[in-house]
Amino acid sequence: MPRAILCVLDSFGIGGATDADAFGDAGSDTLGHIAEHCADGRGDREGLRSGPLSVPNMDRLGLGAAGRLSTGKAIPGLDFPGDPDGLWGYAAEVSHGKDTPSGHWEIAGVPVRFDWGYFPETIPAFPKELVAKISEAAGLDGILGDKHASGTEIIAELGEEHVRTGKPIFYTSADSVIQIAAHEGHFGLERLLKLCETAREFADTYNIGRVIARPFDGESSETFRRTANRRDYSVLPPEPTLLDRLSDAGRTVIGVGKISDIFAHQGVARVLKGAGNDQLFDRTLEAMEMAQDGDLVFSNFIDFDSLYGHRRDVPGYAAALEHFDRRLPEMINRMRAGDLLVLTADHGCDPTWKGTDHTRENVPVIATGPGIAGKSVGGRKTYADIGESVAAHLGIAQGPHGTSFLQID
């Protein structure tokens, strides 16, 4: 019986979304703009990288071809000669948002057809009654932040005051989210997690998708660093996902990174965590060794989004893509006969775009495995086709929202 490895390169969009204008993102193109900047020297950083974007392994599998199909434009540096070796194409999102839960749930076969709640870009950002209820229930003397912010920047700004006063740092973003940062030692990790559980209860009234615990350590604004103990408290998907269907069929889903958190810990039997893409890649290789026939390894590589997309860091994003690409043969070489590897993304986060938000984009659909011949899978109308292709490969019933691309003539 075959296995499947599904890797989400978080925020690695490839432009071309026909509804991008409705999100203020017409023309956004994470891959294309990174490649353009690298080609003309704007992607160089001393000691990190230089020159055109170099991702030969993903390009050989069809990344460049997928980008050209999505946007109709050539991508500098991605010019693999001849036909790609993998299955390649793109998928469009039909969910109402461009956020992490919507993207992942749709990949797993369940598009989000409702609108999330969001907080205004004001100071304060959170409703007074929400803060009051959380504070009373959790025994807080007050909070810090209460605004839209970058996680690393707000820790540098308010971390020392947090340690001094004991008040946790609350902040949000353009996503449907409440993020709470606190020091693992001075505030306590378990106390932070309990606080986030409390916040999750009150967030439901506002239709907020996630509450995220953001623990950090260090002793000054210069040394504060977020730890690997992040925890996401998500609402449940509105109907059974691919993960649930696999679980019901007696299969094991191994979630790497924040996958289990995104699905509210439903349908994921084993969880492997890691701090950063390199550790997450290592955990994915470990998961591949654990996975038995019929199982799914589902991994999220967060750094592309959190470290480089939101921070609008083109050289950092390019270097991370190149590093992932250099390691990709390790994953491919561990595949067994009958395995399927899929590389995709959950949304875009163009590091050349205005602001710090995600961008509405198509995502790459790249697949390979022993005995799988390269061909185009075209432009898929929904991310759900990715999950249904995995379902077909693993021999379980198809869901109602997508169609497998594994039967392309």
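Up top is the structure these notes are about.
Just so it is clear, the model here is predicted, and its values are computed rather than measured.

## Digging into the pattern of salt bridges
Right, on to step 1. Following the criterion strictly, the structure yields 24 salt bridges and no others.
Right, on to step 2. One salt bridge connects R200 with D204, and the closest N-O pair in it is separated by 2.8 Å.
Right, on to step 3. The exposure class assigned to R200 is buried, which follows from its relative accessible area of 10%.
Right, on to step 4. Where salt bridges share partners, they join D175, R210, R230 and D232 into one cluster.

## A short note on the pairing of strand β5 (residues 177-183)
As a general feature of sheets, a regular strand has side chains that alternate between the two faces.
Right, on to step 1. Of all seven residues making up β5, seven are buried, and the element is well covered by its neighbours.
Right, on to step 2. The side-chain alternation of β5 yields two buried faces, one formed by V177, Q179, A181 and H183 and the other by I178, I180 and A182.
Right, on to step 3. The pairing of strand β4 (residues 169-172) with β5 spans three bridges and is antiparallel. When the bridges of β5 are listed, F170 appears paired with I180.
Right, on to step 4. Counted between consecutive antiparallel strands, the loop separating β4 from β5 contains four residues.

## Observations regarding the packing of aromatic side chains
Right, on to step 1. This model, assessed by the stated rule, comprises 12 aromatic pairs.
Right, on to step 2. With a centroid separation of 5.1 Å and 80° between ring planes, the pair formed by F301 and F324 is classed as edge-to-face. With F301 in strand β11 (residues 296-301) and F324 in helix α12 (residues 314-333), this residue pair connects regions lying 23 residues apart in the sequence.
Right, on to step 3. We classify F301 as buried; its relative accessible area is 0%.
Right, on to step 4. Assessed through its relative accessible area of 4%, F324 is described here as buried.
Right, on to step 5. Connected via pairs of aromatic rings, a cluster forms that spans F12, F281, F301, F304, Y317 and F324.
Right, on to step 6. Residue placement shows R191 over the ring face of F187; its charged tip is 4.0 Å from the ring centre.

Calculation notes
- Residues numbered from 1 in each chain as written.
- Predicted model: local features only at pLDDT ≥ 70, side-chain atom pairs only at ≥ 80, totals over all residues.
- Heavy atoms only, no water.
- Salt bridge = Lys/Arg side-chain N within 4 Å of Asp/Glu carboxyl O.
- Buried < 20%, exposed > 50% of the residue type's maximum accessible area, 1.4 Å probe, protein only.
- Helix = DSSP H or I, 4+ residues; strand = E, 2+ residues; numbered from the N terminus.
- Pairing = 2+ DSSP bridges.
- Phe/Tyr/Trp six-rings, centres within 6.5 Å; stacked < 30°, edge-to-face > 60°.
- Lys NZ or Arg CZ within 6 Å of the ring centre and 35° of its normal.

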